[in-house]
Amino acid sequence: MRRSGTFEPPLSDLHTVCCHRFCLRTEDLTTRRRVVKWLFLHFTVYDYRTSGPECRGCFTTARRGFPATAFRDLTYGLRGDETLCIRVISYDFGSLYLEQHCYRNGQWSGPRRL
């Protein structure tokens, strides 16, 4: 039952949302700011927190799966930062999809099914 003033998305919309937890670590403050700004511009980021050289948070996408092309485009220009490490765990409750992607030493590894 729908109450006045509340928004209830259709169940079909909930099945298309994919969640991603990320952990970003780098010693270069400029690189960290660039990656975080890019995340906030391209995705809906929530539960964001920082601790020293590390940032953690979550973001959602409208499609199931890791947005590999977008992240490869981002990290192509950051290959010079050898301290950069990005780990993304993607999951979808509707289909039990769970996968890990990791960027370290200038290259992506994954997908690794969990």
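Just so it is clear, the structure is predicted and the values come from calculations on it, not from any experiment.

A.B. asks: So what exactly am I meant to see when it comes to the side chain of R32 here?
C.D. replies: Considering the arrangement of structural elements, one finds R32 in helix α2 (residues 29-42). Buried and without a salt bridge, R32 has E27 as its closest oppositely charged side chain, separated by 6.7 Å. Once residues within four sequence positions are removed from consideration, R32 is found in contact with L24, T26, G52, P53, E54 and C55.

A.B. asks: Would you mind showing me how to read helix α3 (residues 68-76) here?
C.D. replies: Residues that lie three or four places apart on an α-helix share one face, since the helix turns once every 3.6 residues. Here α3 has its buried residues at A68, F71, L74 and T75. Each buried residue of α3 lies within a common arc of 130° when the element is viewed along its axis, so the set occupies one face. Opposite its buried face, α3 presents the exposed residues T69, D73 and Y76, each directed more than 90 degrees away.

A.B. asks: So what exactly am I meant to see when it comes to unusual backbone geometry here?
C.D. replies: Trans is the prevailing form of peptide bonds, just as negative phi is the prevailing case for residues other than glycine. If you check the backbone angles, L96 has positive phi at about 60° while not being a glycine. With a relative accessible area of 75%, L96 lands in the exposed category. Of note in this structure, N105 is not a glycine but carries a positive phi near 55°. Considering the arrangement of structural elements, one finds N105 in the loop between β5 (97-104) and β6 (107-113). Overall, the relative accessible area of 62% leaves N105 in the exposed class.

Each value, and the rule that gives it
- Residues numbered from 1 in each chain as written.
- Predicted model: local features only at pLDDT ≥ 70, side-chain atom pairs only at ≥ 80, totals over all residues.
- Heavy atoms only, no water.
- Helix = DSSP H or I, 4+ residues; strand = E, 2+ residues; numbered from the N terminus.
- Buried < 20%, exposed > 50% of the residue type's maximum accessible area, 1.4 Å probe, protein only.
- Lys, Arg positive; Asp, Glu negative; His and termini not counted.
- Salt bridge = Lys/Arg side-chain N within 4 Å of Asp/Glu carboxyl O.
- Contact = heavy atoms within 4.5 Å.
- Arc of directions from axis to C-beta.

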